[in-house]
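Summary of the model geometry
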Amino acid sequence: MLPRYPEVKPNPLQKANLCSRLFFWWLNPLFKIGHKRKLEEDDIYSVLPEDRSQHLGEELQGYWDQEVLRAQKDVREPSLMKAVTKCYGKSYLILGMLTFLEEGTRVVQPIFLGKMISYVENYHPTDSAALHEAYGYAAGLSACVLVWAVLHHLYFYHIQRVGMRLRVAVCHMIYRKTLCLSTSAMGKTTTGQMVNLLSNDVSRFDQVAMFLHYLWVGPLQAIAVTALLWMEIGISCLAGMAVLIILLLLQSCIGKLFSSLRHKTAALTDDRIKTMSEVITGIRTIKMNAWEKSFIDLITILRRKEISEILRSSYLRGMNLASFFVVSKIMIFVTFISNELRDNLITGSQVFMVVMLFETLRFSSTLYFPMAVEKMSEAVVSIQRIKNFLLLDEMSHCYPQLPSNGEMIVGVQDLTTFWQKASETPTLQGLSFTVRPGELLGVVGPVGAGKSSLLGALLGELTPSQGKVSMHGRIVYVSHQPWVFPGTVMSNILFGKKYEKGRYEEVIEACALKKDLQLLKEGDLTEIGDGGTPLSEGQKARVSLARAVYQDADIYLLDDLLSAVDARVSRHLFEQCICEGLKEKITVLVTHQLKYLKDATSLILMLKDGKMVERGTCSKFLKSRVDTFSLSEKGTEQPEPSLGPGTVISESLDPSLQSPRPSLKDAAPEDQHTENIQVTLPLENHLEGKVGFKTYKNYFTVHADWSVIIFLILVNIAAQVAYVLQDWWLVFWARVQSGLYFGAFLKGDEDVVFVLNWYLGAYSGLTVSTILFGITRSLLIFYVLVNSSQTLHSKMLETILRAPVLFFNRNPIGRILNRFSKDIGHMDDLLPVIFQDFIQMISVERGIEYTDLEKEAPWELENRPPPSWPNNGVISFNTVNFRYSLDGPLVLKNMDELICSRRKLGIMGRTGAGKSSVIAALFRLSEPEGDIYIDDILTTSIGLHDLRKKMSVALQEPVLFTGTMRKNLDPFNEHTDNELWNALEEVQLKKSIEGLPAKLNTELAESGLNLSVGQKQLVCLARAILRKNQILILDKATSYVDPRTDELIQKQICERFAQCTVLTITHRLSTIIDCDWIMVLDSGTQIEDSWPYNLLQDRSSPFYQMVQHLGEAEVAVLNKRAKAALLKKWQDNTDSEY
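Quick summary incoming for the structure in this document. Sequence order as written defines the numbering, with residues in each chain counted from 1. Where local features are concerned, this predicted model is filtered to residues with pLDDT of at least 70; where side-chain atom pairs are given and counted, the filter is 80 or more; whole-chain, interface and lining totals use all residues. Only hydrogens and water are removed before side-chain values are computed, so all heavy atoms of the structure are retained for them.

It is worth spelling out the overall build of the protein at this point. Runs of H or I in DSSP of at least four residues are treated as helices and runs of E of at least two as strands, each being numbered from the N terminus. A tally of helices and strands in the protein yields 38 helices and 23 strands. The classification of residues rests on relative accessible area computed with a 1.4 Å probe and restricted to protein chains. Under 20% of the type maximum is buried, over 50% is exposed, and intermediate values are partly exposed. Residues classed as buried in the protein amount to 55% of the 1138 residues present. It only takes one pair of heavy atoms within 4.5 Å for two residues to be counted as in contact. For the protein, contacts bridging at least 24 residues in sequence account for 81% of all contacts bridging at least 6. Areas reported as accessible are Shrake-Rupley estimates using a 1.4 Å probe. Residue values count occlusion only from the protein chains shown. Put simply, the protein shows about 49,600 Å² of open surface, and 58% of that area lies on carbon and sulfur atoms.

Below you can see the structure in the form of structure tokens.
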């Protein structure tokens, strides 16, 4: 999926000549623009073809695939390092020659400079030969400086480009892998790990590429310097070099510590980002359950563990930087002390040359070599982590799209498959069937029967352990959890296909979107997705369906999309879209809407526990007396993931049962041109100009007091002063040494001895001061900045969880996670290292921005309700208007409703009518206009937590967290096991969980991937039941559950919550027909409310008209139930009066 970008400038590097490439003149036009004004996105050049993600990713992927094949042949584990080396080794080795030459010129420079100083020392006006030599030395020095400057910048430009290319290639491979992971593999990784790999692990390649060559260049340069020093001062140089050798050996040992710490830190970061991802994804559930404080505490604990490891590695980095600051001074000091103890005399030029030669090693051996060891150790860990991710199982490759004879078919023969390879119970077992063009196969069964798993097997997400799956034709899959991307409604539907007006309008009509688009201000050009206009789940489902239909594929796999819409729209979609629009297609429909399959000549495949119960048409089912509503009463159900855990196999359907059906007219031809998909991402705020003083102040003082900051500044000043004074003091000592060498002073003279001892004593003191101040400075900077990062993270976290739901609607989850992954990672690792160079602190600015977001109302106020509130559960809406944002449209208009104590209220309306907005207003997810009272307390007069904790809610979109079943039912250990089992029994899940080996301690995958959507809904419902509040709210909480299970659950709720107020939102009319009262909404307006039986007697009632879409038989059943419920209510009221 490629976003459509504006035209970009061609890259001038493509046509740059040799001089331009050597001196980077090709960048001059960009510098000129930047000098005149601020650079904008349009000023940036296009990426070179050889640097494009697709090219780089496919190139490295090819080497990786070859390595995997070789490893399989050699029976060994594949090595990502080998693939990287083969892809980039040659070019990287050539660049190594550049740094070898660069450091060679640095070694020669002190020699030329020393010779020039020697000429000045021995200056004689008449010695023209010496003068010409001095000119030669000066020319040589100038040439060396020029060559070094050119080589240095060329090396770092090209070496960073190699690192960038490797990073981009690996990112491409990781992203591709995420799209190919099988469902079982998804249970072995997490969103947190994937985000961490893309945010932090791949950044190690940029860093290691810059310094890796110094692992061999550094020692070679040290050998060369040692030889030159030996020629100048003899054996005394070995004392100084011994210090360097000890340092290099120590650094090699420290490298193992870096590897260990990086491994631990990465695992802890994975956990933190995974939890953060779950929090952001489930923010609506978290807010409605008032769990913000608990999750802040949980993430803070994870962050504290992470920081403890980061601090340890930071102290090691601090020692590395301290060694860069002080080791050259120690080497010089030890060398001259050794020379002094041996009574050797040296000239000033020799002193200068010795100092310059040791300074030559300062970068390569005391900074770049330790950095290479550190970055290499961390990169090895990152490569191992990425390799493990790339080796996860993938979906089986797509089946051949077209057979040789051109026949489209879906064929399954004796299919058995497992959710997990180690599992003893198959997810699907012994299934066989065939579906040909013009046939509709309806897949039905209770929760956890294996329906979605069957679609997963057809898509290749589940690998058959036995049997065969044949899919011939272009496949389109519509998930039960609809997906829209940021962009217009039109771009979501076209999805890269060429726009054809007639076909487009036909699809809109078939998918019942015409009225919805009329209600949107800009129609199908309305922006939806992240940052756009919010859509209901039913509207998203129809947009997803329209996208699939417009693709004009051969095979349509539809996973229970009818459950997301109301009865009228559901019938429209089945009749106009599935039966009429997809007539000539192969359609496999998972559904609980059995009434539609009764009316059609559809083929039905009934599953239970992954096995086929029956197959054929509805008439055949009736003859065989199979009760489609009793499937969930007996037996133990296996948890079924949404795409893959369960497996089903059935026999081929009788050819006589086939029923051909026509398709949408003027279908888009197969050879039509495709276009880039237009993705409209909401713009992210960004700061311009310099990093202000306020940013530095906020970052430093976020954790440390001003006294610590002042002390740190003073230590920095003292370290720098001691560093400079040491060189300055060495000049005086060198003068005395030079005088002794040329006979100006006598070594036996007491005054000379006193001066030498005084100079050496002061020099020793300055050296010790440099060491102490240098180490203190480095460790203190790391301590302050890492702890500042921790405190800033805590503030960001609290601010994020105090932000209103609107913030999460407007900002993509990836953008928010990026602040908590990449930006926090920069503050943890990079910023303390590079801060001493005073670079722009962009990550800090982005972090601080997230500490100053708009907050929702306070969680607690001084005015707190009594602990027993609400006693009665009376809810009153008084002229309530509600909108999700200040500039957004009203989604509830002048709502007035009194919900009496212990009343069971059913809320109805077509998709997008405003049903869920009633719940949002009640929970104050945005502040409502007007008054809402609960037991005579105004909801806006108390804190959000005091309000939300007193209501239990189960939403349509189930939110589960990584961990055990017990943790998901009771996240904060507030209930006994007996209470948990009772809640599971009430939602018809007890037998399923008892059948699992670990029972309540069964580990759930991220987002509950190893459960079906219906099972996830039931877990969330059980969690809501456990809270035992006076008010229970069910917002389409059983929409993905089969009718029989739903009926049993509603019966349990009626009995369990007989003394509670219950609000039920649903599209399933049978769910709320037994309610005391029905309220019907349309376009945010309350259009009617009464007893269900009364509404069914009024032919003009919208509720009556909704019911009529169900068919005569079901209408009669609902009438009978509504009448019985009303009579029972009257009888109960009569009995209570007596």
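Following the structure, the description resumes.
Here we come to the state of the cysteines. The term disulfide is used for any two cysteine sulfur atoms that are within 2.5 Å. Considering all chains together, one arrives at zero disulfides under this definition. No disulfide involves C579; its sulfur sits 9.5 Å from the nearest other cysteine sulfur, which is in C577.

The next point concerns the sheet that holds strand β8 (residues 555-559). Two strands pair under a simple rule: DSSP has to find at least two bridges between them. Here we have six strands laid out as an open sheet, ordered β5-β8-β9-β3-β10-β11, and mixed in their pairing. Bordering the open sheet on either side are β5 (475-478) and β11 (611-616), each of which pairs with just one other strand. With strand direction ignored, the average angle separating the axes of adjacent strands in the sheet is 15°. Of the strands in this sheet, β5 and β8 are in contact with helix α18 (residues 537-550), which crosses β5 at around 175°. Axis definition: a line fitted to C-alpha atoms, limited for helices to the stretch in contact. Angles are taken between N-to-C directions and run from 0 to 180 degrees. Of the strands in this sheet, β3 (440-444), β8 and β9 (586-590) are in contact with helix α19 (residues 567-581), which crosses β9 at around 150°.

Strand pairs in the sheet, formed through backbone hydrogen bonds, run parallel or antiparallel to each other. With respect to topology, three strands assemble into an open sheet ordered β2-β1-β4, the strand pairing being antiparallel. At either end of the open sheet lies a strand with only one pairing partner, and these are β2 (428-435) and β4 (464-472). Pairs of neighbouring strands in the sheet enclose a mean axial angle of 10°, with direction left out of account. With seven bridges joining them, strand β1 (residues 409-417) and β4 adopt antiparallel strand pairing.

Here we come to the side chain of S314. If you trace the backbone, S314 turns up in helix α12 (residues 292-341). One polar contact links the side chain of S314 to the main-chain carbonyl oxygen of I310, over a distance of 2.7 Å. With near-sequence residues (within four places) excluded, S314 lies in contact with F782, V786 and D828. Each polar contact in these results corresponds to two N or O atoms within 3.5 Å; when the atoms are within protein, one needs to be able to donate a hydrogen and the other to accept it, and residues that are neighboring in sequence are counted only if both atoms are side-chain atoms.

Counted as salt bridges are all cases of a side-chain nitrogen of Lys or Arg within 4 Å of a carboxyl oxygen of Asp or Glu. For the structure shown, the criterion picks out 52 salt bridges. In this structure, E378 engages R204 in a salt bridge whose closest nitrogen and oxygen atoms are separated by 3.5 Å. With a gap of 174 residues between them, E378 in helix α13 (residues 348-390) and R204 in helix α8 (residues 203-211) connect regions that are remote in the sequence. With respect to class, E378 is no different from R204; both count as buried. Put simply, R910 and D516 hold a salt bridge, and the shortest N to O gap is 3.5 Å. Of this pair, R910 sits in the loop between β14 (904-908) and α28 (915-922) while D516 sits in helix α17 (residues 514-519); the two residues are 394 residues apart in sequence, bridging distant segments of the chain. For the pair R910 and D516, one class covers both residues: buried.

Each aromatic pair joins two rings of Phe, Tyr and Trp (for Trp, the six-membered one) with centres within 6.5 Å, and gets the label stacked for planes under 30 degrees apart, edge-to-face for over 60, and tilted for any other angle. Taken as a whole, this structure holds 29 aromatic pairs when the rule is applied. Relative to F961, the ring of F295 lies with its centre 5.1 Å away and its plane at 45°, an arrangement referred to as tilted. Residue F295 is found in helix α12, and its partner F961 is found in the loop between β17 (951-954) and β18 (963-964); the two are separated by 666 residues along the sequence. The same class applies to F295 and to F961, which are both buried. The structure contains a cluster of three or more aromatic residues connected by ring pairs, namely Y155, F156, F211, Y214, F324, F363 and Y368. We count a charge as sitting over a ring when the NZ of a lysine or the CZ of an arginine lies within 6 Å of the ring centre and within 35 degrees of the ring normal. In this structure, R547 is placed above the aromatic ring of F495, and the distance from its NZ or CZ to the ring centre is 5.5 Å. Its end group placed over the ring of W859, R802 keeps NZ or CZ at 3.8 Å from the ring centre.

For the pair helix α9 (residues 214-233) and α13, interaxial distance at closest approach is 9 Å and the crossing angle is 165°. Classed by the angle they form, the pair α9 and α13 counts as roughly antiparallel. The chirality of how α9 crosses α13 is left-handed. Each residue is assigned to one of three groups, with Ala, Val, Leu, Ile, Met, Phe, Trp, Tyr, Cys and Pro labelled nonpolar, Asp, Glu, Lys and Arg labelled charged, and all others, Gly among them, labelled polar. A class-by-class count of the residues in the contact of α9 with α13 yields 17 nonpolar, six polar and one charged. Oblique is the label for every angle not falling under 35 degrees (roughly parallel), over 145 degrees (roughly antiparallel), or within 65 to 115 degrees (roughly perpendicular). Throughout, a crossing is termed right-handed when the near helix is turned clockwise from the far one, and left-handed when it is turned anticlockwise from it by less than a right angle.

Attention now moves to the packing of helix α33 (residues 1013-1026) against helix α34 (residues 1043-1056). Relative orientation of the contacting elements α33 and α34 amounts to 5°, with a least axis distance of 13 Å. Considering their axes alone, α33 and α34 lie roughly parallel with respect to each other. Taking contact as the criterion, the partners of L1018, L1021 and I1025 in α33 are, on α34, T1045, I1049, I1053 and R1056. Looking at side-chain class alone, the contact of α33 with α34 contains five nonpolar, one polar and one charged residues.

Now for helix α27 (residues 842-849). In terms of burial, α27 is largely enclosed, as six of its eight residues are buried. When α27 is considered as a whole, its buried residues turn out to be S843, V844, E845, R846, G847 and I848.

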